[in-house]
Amino acid sequence: EAQVTQNPRYLITVTGKKLTVTCSQNMNHEYMSWYRQDPGLGLRQIYYSMNVEVTDKGDVPEGYKVSRKEKRNFPLILESPSPNQTSLYFCASSFGVGETQYFGPGTRLLVL
Amino acid sequence: KNEVEQSPQNLTAQEGEFITINCSYSVGISALHWLQQHPGGGIVSLFMLSSGKKKHGRLIATINIQEKHSSLHITASHPRDSAVYICAVSARNYGQNFVFGPGTRLSVLP
């Protein structure tokens, strides 16, 4: 089944404790992206990747890191989480930038 | 960025009604996308449009490039259509990345 998976789905952590949210797709997509969704602000892009080893900042990259060592995986790293990073996070992938995106199920993060 | 706007913000309808959700944008685009986000949070792509009209089941999406406007119509609405509908555009100005509208929350009552 074609899908984008994210783990964990729910996470409660404390300020400053490094965490990684994994994202994996099995559709051989070149483009992958991370978004965060906050009430009243909608979906905003954090980072994206056009292909392996090619990543770039989106609209709200501060406090986040990403890597794209393999085509299927695009982890999101929060090296020192802060409460303002409490949000719902989505990973998405597509064959190319601007094409139909397939979204993961979302990760709800609470930073205390 | 407020380049993508949607109306209405919230919409309540009775089952069976014809529903229209509007999206307007401010820059020349490569494509416009309609997404559906269910109460559980998952997001599904419904349509990708660069011109004209597309239909899938009871859903119809149209776009007018000159007027920078798109509409999503739902015919014979059903409670299972209750969701947030999000318009997104991809454009050269944004490196073809998606810019999202704020969403329209639809509730269809039985």
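Preceding block: the structure.
In this convention, every chain numbers its residues from 1, walking through the sequence in written order. Here chains are named by letter from A upward and ligands by number from 1 upward, in the order in which they appear as written. Restriction of local features to residues with pLDDT of at least 70 applies here, the model being predicted, together with a cutoff of 80 or more for giving and counting side-chain atom pairs; totals for whole chains, interfaces and linings are based on all residues. Only hydrogens and water are removed before side-chain values are computed, so all heavy atoms of the structure are retained for them.

A. Region of the structure containing the side chain of S49(A). All names here are of chain A. Labels follow the DSSP assignment, with helices taken as runs of H or I lasting at least four residues and strands as runs of E lasting at least two, numbered in each case from the N terminus. Checked against the element boundaries, S49 lands in strand β5 (residues 42-51). By relative accessible area, which is 0% here, S49 ends up buried. A distance of 2.7 Å separates the side chain of S49 from the side chain of R68, its partner in a polar contact. Among all residues touching S49, those that are not within four sequence positions of it are E30, Y31, M32, V54, T55, R68 and F74. In this scheme, a residue with accessible area under 20% of its type's maximum is buried, one over 50% is exposed, and one in between is partly exposed, where area comes from a 1.4 Å probe on protein chains only. Polar contact criterion, stated in full: a pair of N or O atoms within 3.5 Å, where within protein one must be able to donate a hydrogen and the other to accept it, and residues adjacent in sequence count only if both atoms are side-chain atoms. Residues count as neighbours in contact if any of their non-hydrogen atoms are within 4.5 Å of one another.

B. The pattern of salt bridges, seen in detail. All names here are of chain A. Here a salt bridge means any side-chain nitrogen of Lys or Arg lying within 4 Å of a carboxyl oxygen belonging to Asp or Glu. One pass over the structure, following the stated rule, counts five salt bridges over all chains. With a closest N to O distance of 2.8 Å, R36 and D38 form a salt bridge. Each member of the pair, R36 as well as D38, is classed as buried. Here K65 and E79 are joined by a salt bridge, their closest N and O atoms 3.3 Å apart. In this pair, K65 sits in strand β7 (residues 65-66) while E79 sits in the loop between β8 (76-78) and β9 (87-94), placing the two residues 14 residues apart along the sequence.

C. Region of interest: the packing of aromatic side chains. To pair, rings of Phe, Tyr and Trp, with the six-membered ring standing in for Trp, must have centres within 6.5 Å; the planes then decide the type, stacked if under 30 degrees apart, edge-to-face if over 60, and tilted in the middle. Counted under the stated rule, the structure contains six aromatic pairs over all chains. Measuring from ring centre to ring centre gives 5.1 Å for Y35(A) and F100(B), while their planes differ by 90 degrees; the resulting arrangement is edge-to-face. On the criterion of chain membership, the pair formed by Y35(A) in strand β4 (residues 31-38) and F100(B) in strand β10 (residues 98-100) is interchain, its members lying in two chains. Given a relative accessible area of 10%, F100(B) falls into the buried group. When the centroid spacing of 5.9 Å and the interplanar angle of 65 degrees are considered together, the rings of Y64(A) and Y89(A) count as edge-to-face.

D. Spatial organisation of the pairing of strand β6 (residues 53-56) of chain B. Any two strands are treated as partners once DSSP identifies two or more bridges connecting them. Two strands pair when backbone bridges link them, and β6(B) and strand β7 (residues 59-64) of chain B are joined in this way by four bridges, in the antiparallel orientation. Across the sheet, residue K55(B) finds its bridge partner in β7(B), namely I60(B).

E. Focus on the sheet that holds strand β1 (residues 4-7) of chain B. All names here are of chain B. The five strands lie next to each other as β1-β3-β8-β7-β6, forming an open sheet whose pairing is antiparallel. Only two strands of the sheet have a single neighbouring strand rather than two, namely β1 and β6. Each adjacent strand pair in this sheet contributes to an overall mean axis angle of 15 degrees, direction not counted. Note on geometry: axes are lines fitted to C-alpha atoms, helical ones only across the stretch in contact, with angles between N-to-C directions running from 0 to 180 degrees.

F. Spotlight on the interface of chain A and chain B. At the junction of the two partners, chain A supplies 16 residues and chain B supplies 16 residues. For the pairing of chain A and chain B, the buried interface totals around 1400 Å² over both sides, and the portion due to carbon and sulfur atoms is 55%. By definition, the buried area sums, over both parts, the 1.4 Å-probe accessible area that each loses when the two are put together. Three residues stand out in chain A for area buried against chain B, namely L43(A), G98(A) and F103(A), and they jointly supply 34% of the buried area on that side. If you look at where chain A meets chain B, you find zero salt bridges. If you list the elements that add at least two residues to the side of chain A that touches chain B, you get β4, β5 and β9 of chain A. Broken down by element, the side of chain A that touches chain B gets its largest block of residues, four residues, from β5(A).

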